[in-house]
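Fold and contact review
The primary structure of each chain is shown beneath.
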Amino acid sequence: MTRYETITSLGDDFIKLMGKSIIPVHILDWKVYYEAYLKQTELLLKEYGKAKKTWAAGMVAEEYKVSERTMFNVIAFMEGS
């Protein structure tokens, strides 16, 4: 199970854990970035027949005004176990 799957499985408890400072608040930002990345890869897959993950990461980085390096770190974190 990836970290993203674990976070989403927490449901409302995720917010409660952030409120108690057990989970850092920036993880919520990372979750939003990662979900935007997943959506973008899905759109590129439909349009081009390939996921084009690097392109998707760059597009999301530009949209949220973060560096591409940050996006790659977010993706690596969320897809880790």
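Shown above is the structure to which this text applies.
Presented here is an overview of the structure given in this document. (Residues numbered from 1 in each chain as written. Predicted model: local features only at pLDDT ≥ 70, side-chain atom pairs only at ≥ 80, totals over all residues. Heavy atoms only, no water.)

With that settled, the discussion passes to the pattern of salt bridges. Within this structure, the stated rule accounts for three salt bridges. Here lysine 16 and aspartate 13 are joined by a salt bridge, their closest N and O atoms 3.8 Å apart. Of this pair, lysine 16 and aspartate 13 both sit in helix α2 (residues 12-19), three residues apart, which is roughly one turn of the helix. Among the ionic pairs, glutamate 35 bridges to lysine 31, the shortest N-O distance being 3.0 Å. In this pair, glutamate 35 and lysine 31 both sit in helix α3 (residues 26-48), four residues apart, roughly one turn of the helix. A relative accessible area of 17% places lysine 31 in the buried class. (Salt bridge = Lys/Arg side-chain N within 4 Å of Asp/Glu carboxyl O. Helix = DSSP H or I, 4+ residues; strand = E, 2+ residues; numbered from the N terminus. Buried < 20%, exposed > 50% of the residue type's maximum accessible area, 1.4 Å probe, protein only.)

Even without glycine at this site, serine 21 takes up a positive phi of about 60°. Following the sequence through the fold, serine 21 ends up in the loop between α2 and α3. Overall, the relative accessible area of 64% leaves serine 21 in the exposed class. Of note, the phi angle at lysine 65 is positive, near 60°, even though the residue is not glycine. The class of lysine 65 is exposed, set by a relative accessible area of 73%.

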